[in-house]
Amino acid sequence: MAAASSSDSEGDRAESEASSKWLDAHYDPMANIHTFSACLVLADLHGDGEYKLAVGDLGPSGRQPCLKVLKGPTVLAESALPALPAAAAAFLMGQHEPRTPALALASGPCVYVYKNLRPYFKFSLPQLPPNPLEQDLWNQAKEDQIDHLTLKEMLEGIREKAEVPLSVQSLRFLQLELSEMEAFVNQHKSKPIKRQAVITTMTTLKKNMADEDAMSCLVLGTENKELLVLDPEALLNVIRTPDAVTSLCFGRYGREDNTLIVTTRGGGLIIKILKRTAVFAEGAGEVGPPPAQAMKLNVPRKTRLYVDQTLREREAGTAMHRTFQTDLYLLRLRAARAYVRALESSLNPVSATAREPLKLHAVVQGLGPTFKLTLHLQNTSTARPILGLLVCFLYNEVLYALPRAFFKVPLLVPGLNYPLETFVESLSDKGISDIIKVLVLREGQSAPLLSAHINMPVSEGLAAA
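All of the points below concern the structure found in this document. (Residues numbered from 1 in each chain as written. Predicted model: local features only at pLDDT ≥ 70, side-chain atom pairs only at ≥ 80, totals over all residues. Heavy atoms only, no water.)

This part covers helix H5 (residues 178-188). Looking at H5, one finds that the buried residues are Met-181, Phe-184, Val-185 and His-188. One side of H5 carries all its buried residues, which in axial view fall inside an arc of 100°. For H5, exposure combined with an orientation more than 90 degrees from the buried face picks out Ser-179 and Gln-187. Residues of H5 that are buried in the fold lie against helix H2 (132-142), helix H3 (148-161) and helix H4 (168-174). (Buried < 20%, exposed > 50% of the residue type's maximum accessible area, 1.4 Å probe, protein only. Helix = DSSP H or I, 4+ residues; strand = E, 2+ residues; numbered from the N terminus. Arc of directions from axis to C-beta. Contact = heavy atoms within 4.5 Å.)

So this is what it looks like as structure tokens:
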């Protein structure tokens, strides 16, 4: 039976591979490649017709970034990078022979260019002018006119409001603990403020001709919203799967024209080759706008009432708008007044203070004359428990009787719902009901944190009697 099951699974796999348009050329889940699509490029780096795969590898957990060049599943060369790569591209730098492309890798503020898998030159983005307010603050710190706490407060204000971002030095300073800030200021206050742009994307642009083997320029996009064109001759011109897939690259690899390179989150490498016999059928969906867009709508004729209303709105449009705005302002004013009255009298089931974030709602059960009253009290803070609260009941003692008019609330753990139960006895036999007010207070304080008005139902037991 086991042999039969094994043969069936192998037969199903063979049938699936035969019906697929792709050939599984290579699969290695332990290839240790961590990258994304912008850092993959296929190019004939040696001019021998054999296309290689260049990878800007982030490294495990974003550490130890490097440049890897693969021939098939084998790593031909590996070179360490000083920062995480952002993009990779292959381009021809000149017209001289042999016509082998150079490999460019963007990393941080720099572009590293390799020829024949060896470092060729490095281009660094020009520095940006620092924030003048930030520069002035560090100058004051240099002259000991402000301390590190004042510097921290002022830099935080600049970071929130200024259009020019802070430098790396200031951002590192704001990330420190208070105990480390003074030493950092003493160490760096004499250093000049530098603000460096960072490359976020990169592609190529044909310089003179659109031919495949024409010379190209590098186009760089930076974090500060600039577009730069790097001319290999004139240097710079500023224009102003089994796992989750992390990158895809399609093109010629080795001597196969249609190859798909896939890397996965776990560092795996998958190489698939499109079959030469693969046929892609056109989708069933139609190209262009839907047919309903060309259908003429049956618009009803304009009635006399519609025309009169249109003329009225045209003539009295300003007055109508003013009336609407007046009513809207009155509505907002009444809502604000009602909210203030609720806060002043604590007629709000949710506390308005951030120190005691509480929520309260009540449930009344029973037909009477004895009712069960359950208060659900919840601490809505994220991490801080609340202790020392009291619950007080205000009611008409002629109509109702409670075992206790107030009681202490246990420790409220954040996020949990605490049901607090008591019983209410109706004393009236005339079918009269009233409101019971519930107050939540802190011990030693008279002002309630929040309250709720409970509309008690009519006691059906006494009414029937």
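Take the packing of H2 against H3 next. Where H2 meets H3, the closest approach of the two axes is 10 Å, and the angle between their N-to-C directions is 175°. As summarised for this structure, H2 and H3 are arranged roughly antiparallel, according to the angle between their axes. On the side of H2, the interface is formed by Leu-133, Glu-134, Leu-137, Trp-138 and Ala-141, while H3 contributes Leu-151, Met-154, Leu-155 and Ile-158. For the contact of H2 with H3, the per-class residue count stands at eight nonpolar, no polar and one charged. (Axes fitted to C-alpha atoms, helices over the stretch in contact; angles between N-to-C directions. Parallel < 35°, antiparallel > 145°, perpendicular 65-115°, else oblique. Nonpolar A, V, L, I, M, F, W, Y, C, P; charged D, E, K, R; others polar.)

When its volume is computed, the largest pocket comes out at roughly 420 Å³. Forming the walls of the largest pocket are 17 residues, and the residues nearest its centre are Tyr-51, Leu-92, Pro-101, Glu-212 and Asp-213. Contributing elements (two or more residues each) for the lining of the largest pocket: strand S2 (40-43), strand S6 (85-91) and strand S10 (199-206). Tallied by class, the residues present in the lining of the largest pocket amount to eight nonpolar, four polar and five charged. (1 Å grid on protein atoms, 1.4 Å probe; cavity = no way out; pocket = protein on both sides within 12 Å on 5 of 7 lines; lining within 4 Å. Points joined across faces, edges and corners; volume = space filled by probe spheres on them.)

If you trace the four strands from one edge of the open sheet to the other, you get S2-S3-S4-S5, paired in antiparallel fashion. In the strand order of this sheet, the two ends are held by S2 and strand S5 (74-80), each with one partner. Sheet twist, expressed as the mean angle between neighbouring strand axes with direction ignored, is 20°. Across four bridges, the pairing between S2 and strand S3 (residues 52-57) is antiparallel. Looking at the pairing, Ala-43 lines up with Lys-52 of S3. (Pairing = 2+ DSSP bridges.)

Close contact between H3 and H5 brings their axes to 9 Å; oriented N to C, the two are set at 100°. Judged by the angle between their axes, H3 and H5 are roughly perpendicular. Mapping the contact onto sequence places His-148, Leu-149, Leu-151 and Lys-152 in H3 and Leu-178, Met-181, Glu-182 and Val-185 in H5. Split by residue class, the contact of H3 with H5 holds five nonpolar, one polar and two charged.

Attention now moves to the sheet that holds strand S8 (residues 110-115). Within a sheet, each strand pairs with its neighbour through backbone hydrogen bonds, oriented either parallel or antiparallel. On the basis of which strands lie adjacent, the open sheet formed by four strands has the order S6-S7-S8-S9 and antiparallel pairing. The open sheet is flanked by S6 and strand S9 (118-124), the only strands paired with a single partner. Adjacent strand axes in the sheet meet at a mean angle of 20°, parallel and antiparallel pairs treated alike. Note that S8 and S9 share six bridges and pair antiparallel. Looking at S9, one finds that Lys-115 is bridged to Arg-118.

Computed from the structure, the largest cavity encloses a volume of approximately 50 Å³. In this structure, the largest cavity is lined by Leu-92, Met-93, Gly-94, His-96, Pro-98, Arg-99, Thr-100 and Lys-115. Classifying every residue of the lining of the largest cavity gives three nonpolar, three polar and two charged.

Take the side chain of Thr-35 next. As for its position among the elements, Thr-35 is in the loop between strand S1 (22-28) and S2. A relative accessible area of 5% places Thr-35 in the buried class. Within the structure, Thr-35 has its side chain in polar contact with the backbone oxygen of Gly-56 (distance 2.9 Å). Residues within four places of Thr-35 in sequence aside, it is in contact with Leu-40, Val-55, Gly-56, Leu-58, Thr-246, Ser-247 and Thr-263. (Polar contact = N/O pair within 3.5 Å; in protein donor to acceptor, adjacent residues only side chain to side chain.)

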